[in-house]
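One letter stands for each residue in the lines below.
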Amino acid sequence: MDMIIAELHEKSRDIYTRAHHVLLSSIKLEGKDALPVLTAKDEEAIARLTTDKAIIAEAHAVRIDALSLKLKVLENQFQYPTIAGMHRRLWRACQSTAMAMEAEARLLRKAQGESQMYCSLMDESRAHHREAEAHLDLADESEQKLLK
């Protein structure tokens, strides 16, 4: 059982990192240089995502992988040693989805302006971000209860 939880933890970190890269790539493609200081590995990953097509493909893959992760975490929720651990994995899955959707929306805005589809994607991204925040709050509350 611990092996499953460890695998889910690693997958959540990988998906989150990929989502971060796809979002930063879309920002870079917009021509904005406000990127944070990155490691060489991060810069290498972003360098591979230099076209709209590559970013969209990776954003879609991240969304699918994040949904799969969320379902696997929920399938194994009773295997987690703490509720906080489970909610932190769910936080990463939701946050990854939000970042991937924002990346897609940014590319759409670049191509079509602030269209209805852009607004819809950003609204959905914000909804996933709010869900992520709720999971983070639940994780923090759970940890506080353990400390009492």
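Everything below is about the structure printed above this text.
Residues numbered from 1 in each chain as written. Predicted model: local features only at pLDDT ≥ 70, side-chain atom pairs only at ≥ 80, totals over all residues. Heavy atoms only, no water.

Right, let's get into the pattern of salt bridges. Taken as a whole, this structure holds 14 salt bridges when the rule is applied. In this structure, Glu58 and Arg18 form a salt bridge, with 2.7 Å as the shortest nitrogen-oxygen distance. With Glu58 in helix H3 (residues 52-75) and Arg18 in helix H1 (residues 2-29), this residue pair connects regions lying 40 residues apart in the sequence. Across the pair Asp123 and Arg126 runs a salt bridge, and its minimum N-O distance is 3.0 Å. (Salt bridge = Lys/Arg side-chain N within 4 Å of Asp/Glu carboxyl O. Helix = DSSP H or I, 4+ residues; strand = E, 2+ residues; numbered from the N terminus.)

Taken N-terminus to C-terminus, the directions of H1 and helix H2 (residues 40-47) make an angle of 60 degrees; their axes are 9 Å apart at the nearest point. Classified by the interaxial angle, the pair formed by H1 and H2 is oblique. Considering only the axes of H1 and H2, their crossing is right-handed. Taken together, the residues of H2 that come into contact with H1 (itself represented by Thr17, His21, Leu24, Ser25 and Lys28) are Asp42, Ala45 and Ile46. Among the residues forming the contact of H1 with H2, the class breakdown is three nonpolar, three polar and two charged. (Axes fitted to C-alpha atoms, helices over the stretch in contact; angles between N-to-C directions. Parallel < 35°, antiparallel > 145°, perpendicular 65-115°, else oblique. Left-handed = near helix turned anticlockwise from the far one by under 90°. Contact = heavy atoms within 4.5 Å. Nonpolar A, V, L, I, M, F, W, Y, C, P; charged D, E, K, R; others polar.)

Quick look at the nonpolar core now. Val22, Leu69, Val73 and Tyr80 are the most contacted members of the largest nonpolar core, which totals 25 residues. Those elements giving two or more residues to this core turn out to be H1, H3 and helix H4 (83-112). Among the elements that line this core, the one with the most residues is H1, at eight residues. Apart from residues lying up to four places away in sequence, Val73 is in contact with Leu8, Tyr80, Met86, Arg89 and Leu90. Residues Ala105, Tyr118, Leu121 and Met122 belong to the second largest nonpolar core, which totals six residues. (Core = buried A, V, L, I, M, F, W, Y, C linked by side-chain atoms within 4.5 Å. Buried < 20%, exposed > 50% of the residue type's maximum accessible area, 1.4 Å probe, protein only.)

Within the fold, Cys119 resides in helix H5 (residues 116-147). Taking relative accessible area as the criterion, Cys119 reaches 34% and is therefore assigned partly exposed. Expressed as a C-alpha distance, the spacing of Cys119 and Thr82, which sit 37 residues apart in the sequence, is 37 Å.

This part is about the layout of surface pockets. Here the largest pocket is characterised by a volume of approximately 200 Å³. Mapped onto the lining of the largest pocket, the elements with two or more residues apiece are H1 and H2. Grouping the constituent residues of the lining of the largest pocket by class yields two nonpolar, two polar and seven charged. (1 Å grid on protein atoms, 1.4 Å probe; cavity = no way out; pocket = protein on both sides within 12 Å on 5 of 7 lines; lining within 4 Å. Points joined across faces, edges and corners; volume = space filled by probe spheres on them.)

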